[in-house]
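# Structural features, examined
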Amino acid sequence: MCLAVPGQVSEIDSREGLAEAVVDFGGVRKRVCLEGLPEARVGDWVLVHAGFALQQLDEAAAEELLGWLSDPEQPAP
Amino acid sequence: MRYVDEYRDADRVRRLADAVLAEATRPVTLMEVCGGQTHTILASGIQQLLTERVELLHGPGCPICVTPLETLDLALALTELPDVTVCSFGDMLRVPGSHGDLSAARARGGDVRVVYAPLDAARLAACEPDRRVVFLAVGFETTVPAVAAAARWARDRGLCNFFLLVSHVRVPPALELIASDPERRIQAFLAAGHVCTVMGTAEYQPIAATHDMPIVVTGFEPVDILQGVLMAVRQIERGEAQVSIQYRRAVRDEGNPAARALIDEVFEATDRPWRGIGIIQQGGLGLRQEYASLDAQQLIPTDALPQPEEPERCRASEVLQGRMRPPECPEFGRGCRPEQPLGAPMVSSEGACAAYFAYRIGDVEDEIASQDPAREAQA
Ligand code: SF4
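To keep things clear, this report deals only with the structure shown in the data block. Predicted, not measured: the structure shown is a model, and the values here were computed from it.

The rules behind each value
- Residues numbered from 1 in each chain as written.
- Chains lettered and ligands numbered in written order.
- Predicted model: local features only at pLDDT ≥ 70, side-chain atom pairs only at ≥ 80, totals over all residues.
- Heavy atoms only, no water.
- Near = heavy atom within 4 Å.
- Nonpolar A, V, L, I, M, F, W, Y, C, P; charged D, E, K, R; others polar.
- Axes fitted to C-alpha atoms, helices over the stretch in contact; angles between N-to-C directions.
- Helix = DSSP H or I, 4+ residues; strand = E, 2+ residues; numbered from the N terminus.
- Parallel < 35°, antiparallel > 145°, perpendicular 65-115°, else oblique.
- Left-handed = near helix turned anticlockwise from the far one by under 90°.
- Contact = heavy atoms within 4.5 Å.
- Buried < 20%, exposed > 50% of the residue type's maximum accessible area, 1.4 Å probe, protein only.
- Pairing = 2+ DSSP bridges.
- Phe/Tyr/Trp six-rings, centres within 6.5 Å; stacked < 30°, edge-to-face > 60°.
- Lys NZ or Arg CZ within 6 Å of the ring centre and 35° of its normal.
- Expected span 1.5 Å × (residues − 1).
- Buried area = accessible area lost by both parts, 1.4 Å probe.
- Salt bridge = Lys/Arg side-chain N within 4 Å of Asp/Glu carboxyl O.
- Arc of directions from axis to C-beta.
- Polar contact = N/O pair within 3.5 Å; in protein donor to acceptor, adjacent residues only side chain to side chain.

Let us now look at the site of the ligand. Around the ligand, the structure places 13 residues, and the nearest of them are Cys314, Arg315, Cys329, Cys336 and Cys353 of chain B. Of the residues contributing to the shell around the ligand, the split by class is 10 nonpolar, one polar and two charged.

Let us now look at the packing of helix 1 (residues 10-23) of chain B against helix 12 (residues 222-238) of chain B. Residues and elements named next belong to chain B. Interhelical geometry of helix 1 versus helix 12 gives an angle of 15° and a closest axis separation of 9 Å. In terms of orientation, helix 1 lies roughly parallel with respect to helix 12. Where helix 1 crosses over helix 12, the handedness of that crossing is left-handed. Residues Arg12, Val13, Leu16, Ala17, Ala19, Val20 and Glu23 of helix 1 touch helix 12, and the partners they reach there are Pro222, Val223, Leu226, Gln227, Val229, Leu230, Val233, Arg234 and Glu237.

On to the pairing of strand 4 (residues 45-49) of chain A, then. All names here are of chain A. Along strand 4, five of the five residues are buried, which leaves the element largely enclosed by surrounding structure. Burial of strand 4 is two-sided: the residues Trp45, Leu47 and His49 facing one way and the residues Val46 and Val48 facing the other way are all buried. In terms of strand pairing, strand 1 (residues 5-12) meets strand 4 through four bridges, oriented antiparallel. Looking across to strand 4, one finds that Gln8 is bridged to Trp45. Pairing analysis gives four bridges linking strand 4 to strand 5 (residues 52-56), with the strands arranged antiparallel. Within strand 5, the residue paired with His49 across the bridge is Phe52. In textbook terms, the turn of a hairpin is the stretch between consecutive antiparallel strands, and for strand 4 and strand 5 this stretch comprises two residues, one of which, Ala50, has a positive phi near 50°.

Let's shift gears to the sheet that holds strand 4 (residues 111-114) of chain B. Residues and elements named next belong to chain B. Judged by pairing direction, the sheet is mixed, and its six strands sit side by side in the order 4-3-5-6-11-10 without closing on themselves. Each of the sheet's edge strands pairs with one partner strand only, and the pair in question is strand 4 and strand 10 (267-274). Taking each pair of neighbouring strands and ignoring which way they run, the sheet shows an average axis angle of 25°. Sheet analysis places strand 10 next to strand 11 (residues 278-287), joined by seven bridges and oriented antiparallel. Counted as the bridge partner of Glu268 is Gly286 from strand 11. The strands that helix 7 (residues 118-127) touches are strand 3 (84-88), strand 4, strand 5 (132-139) and strand 6 (162-169); relative to strand 5, the one it contacts most, it runs at about 170°. Strand contacts of helix 8 (residues 144-156): strand 5, strand 6, strand 10 and strand 11, with the helix running at about 155° to strand 6, the strand carrying the most contacts.

Before going further, it helps to spend a moment on the packing of aromatic side chains. Scanning the entire structure with this criterion turns up four aromatic pairs over all chains. Both rings, one in Phe332 of chain B and one in Phe357 of chain B, keep their centres 6.2 Å apart while their planes meet at 75°; by these two values the pair is edge-to-face. You can see Phe332 of chain B sitting in the loop between helix 14 (316-320) and helix 15 (352-358) and its partner Phe357 of chain B sitting in helix 15, a full 25 residues away along the chain. On the basis of relative accessible area, Phe332 of chain B is assigned to the buried category, the value being 3%. Its guanidinium or amino end placed over the ring of Tyr116 of chain B, Lys30 of chain A lies 3.9 Å from that ring's centre, counting from NZ or CZ. The ring centre of Trp153 of chain B lies 5.7 Å from the NZ or CZ of Arg123 of chain B, which sits over that ring.

We now examine helix 8 of chain B. Residue and element names in this part refer to chain B. Over its 13 residues, helix 8 extends 18 Å from the first C-alpha to the last, a length consistent with the 18 Å expected when each residue adds 1.5 Å. By the criterion of burial, helix 8 is predominantly enclosed, with 10 of the 13 residues buried. Looking at helix 8, one finds that the buried residues are Val144, Pro145, Ala146, Val147, Ala148, Ala149, Ala150, Ala151, Trp153 and Ala154. Just downstream of helix 8, Gly158 is the residue with a positive phi angle, here 70°.

With 41 residues of chain A at the interface, the matching set in chain B holds 51 residues. Each partner contributes to the roughly 3900 Å² buried at the junction of chain A and chain B, and carbon and sulfur atoms together form 62% of this total. On the surface where chain A and chain B come into contact, there are two salt bridges. Between Arg152 of chain B and Glu35 of chain A there is a salt bridge, with the nearest N and O atoms lying 2.7 Å from each other.

Let's shift gears to the environment of Val28 of chain A. One can find Val28 of chain A in strand 3 (residues 28-33). Considered as a pair, Val28 of chain A and Gly7 of chain A are 21 residues apart in the sequence and their alpha carbons are 9.3 Å apart.

Looking now at helix 1 of chain B. Residues and elements named next belong to chain B. Over its 14 residues, helix 1 extends 20 Å from the first C-alpha to the last, a length consistent with the 20 Å expected when each residue adds 1.5 Å. Every buried residue of helix 1 is accounted for by Arg12, Val13, Leu16, Ala17, Ala19 and Val20. Buried residues of helix 1, seen end-on, are gathered within an arc of 155° and therefore sit on one face of the element. Away from its buried face by more than 90 degrees, helix 1 exposes Asp11 and Ala22.

Residues and elements named next belong to chain B. As for its position among the elements, Arg337 is in the loop between helix 14 and helix 15. The exposure class assigned to Arg337 is buried, which follows from its relative accessible area of 7%. Within the structure, Arg337 has its side chain in polar contact with the backbone oxygen of Gly333 (distance 3.1 Å).

Comment: phi is negative for the bulk of residues other than glycine, and the bulk of peptide bonds are trans. Residue and element names in this part refer to chain B. Non-glycine residue Thr51 carries a positive phi angle of around 55°. Looking at the secondary structure, you find Thr51 in the loop between helix 3 (46-50) and strand 2 (54-61). Residue Thr51 is classed as partly exposed on the basis of its relative accessible area of 33%. With a phi angle near 55°, Asp212 is a residue other than glycine that sits in the positive phi range.

This next bit is on the environment of Glu265 of chain B. The residue Glu265 of chain B is located in helix 13 (residues 257-266) in this model. The sequence separation of Glu265 of chain B and Arg152 of chain B amounts to 113 residues, and the corresponding C-alpha distance is 8.6 Å.

Residue and element names in this part refer to chain B. On the basis of which strands lie adjacent, the open sheet formed by five strands has the order 2-1-7-8-9 and parallel pairing. Each edge of the sheet is formed by a strand with only one pairing partner; in this case those strands are strand 2 and strand 9 (243-245). In this sheet, adjacent strand axes meet at a mean angle of 25° when their direction is disregarded. Two strands pair when backbone bridges link them, and strand 1 (residues 28-34) and strand 2 are joined in this way by six bridges, in the parallel orientation. Residue pairing across strands places Thr29 opposite Glu55, the latter belonging to strand 2. Here helix 12 sits on the sheet in contact with strand 1, strand 2, strand 7 (188-192), strand 8 (215-218) and strand 9, set at roughly 165° to strand 8.

The following block contains the structure:
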């Protein structure tokens, strides 16, 4: 149930007193509550659960892990 | 999908499993806490890759499975009131209450709707002022900010017809309980990534320190799980007991402060019964006094409810605490199957019993074939 899906903010669209965004999940766009990430901007990758953006994805941390895993010369991270 | 597919890559998975086996000099037993992680482990054959050297036991992290029978019975009773709409996440619909489930209540004419987001339920209440809309608020700390945002929005708009049937649970007290078991076999936890995305790691420090157990906050894809296992094994080999984060792309030490503030505004820690386990001290979140007007319990007198009846043959308690694997339950695949579940762990897609059944692990294979050849042909 704690599934959360990464998506990219494509529009900030707050109304009715609620911080909201439109987030693109590989082509599927959904409205997402941004009350937990008021500083998110268009282009940011966010992790969404139950229509709520939980956190901004740390792209550098993601690349670091994958970089190691792609390079067989390096020791395990 | 970006940030997902790369973490399922078979070569990366194998390299990490090899690294674990190279570094684990003696057998270890770990527990992954979250049902989503359990699913990944079974779906991608991680236990087989790790051999018996590294045993993974499955933890209590299936919110659907631990939602108490009383809550379900209350939800079922609410569907019988003429002006009430019960909104729920889809996974709750087939969880058995004492007498039937929500999908049966809907078939009987109850107004039960599946929503994807708690805010959708609040908006429904705003659109339909003549109905009382109840959201069945289940889930771990991951889900609570979304519910808190809906509660605050409803209150700020002065909605009088939006209610929450709250059964939120907190992970750290459950881990404390499992870690304190005098017969405990596990040496480390792989903690639930998205819970810590919200909450951060501070609550886990005392558990690691008191029980001398490494806790590695881990993600949900095969690469994440194996890196989490590797980090835990390294700590065990060095005799350390730290809280560390594998799932760096989504978890910061402090969690998400804005989401935590939202939780704190609406909810406070409270004792809560976990289905199959019993009351866990401070093991849940309940509405604060300021939000008590949203409490759905007031809609129905609790003495009007049936006495909760748990099927005696279900061994969910042992399964949820990692004392028993699902195939060891005598009912597994026999009296208890996804289409006719005895207990919640066989219903929820994240329940450990459902996961073992789905991936045909244990001796269920022969049982299925002997009982229903058509089903086997389908699979
Ligand atoms: S297999 Fe069914 S009866 Fe056995 S513990 Fe799991 S849910 Fe309960």
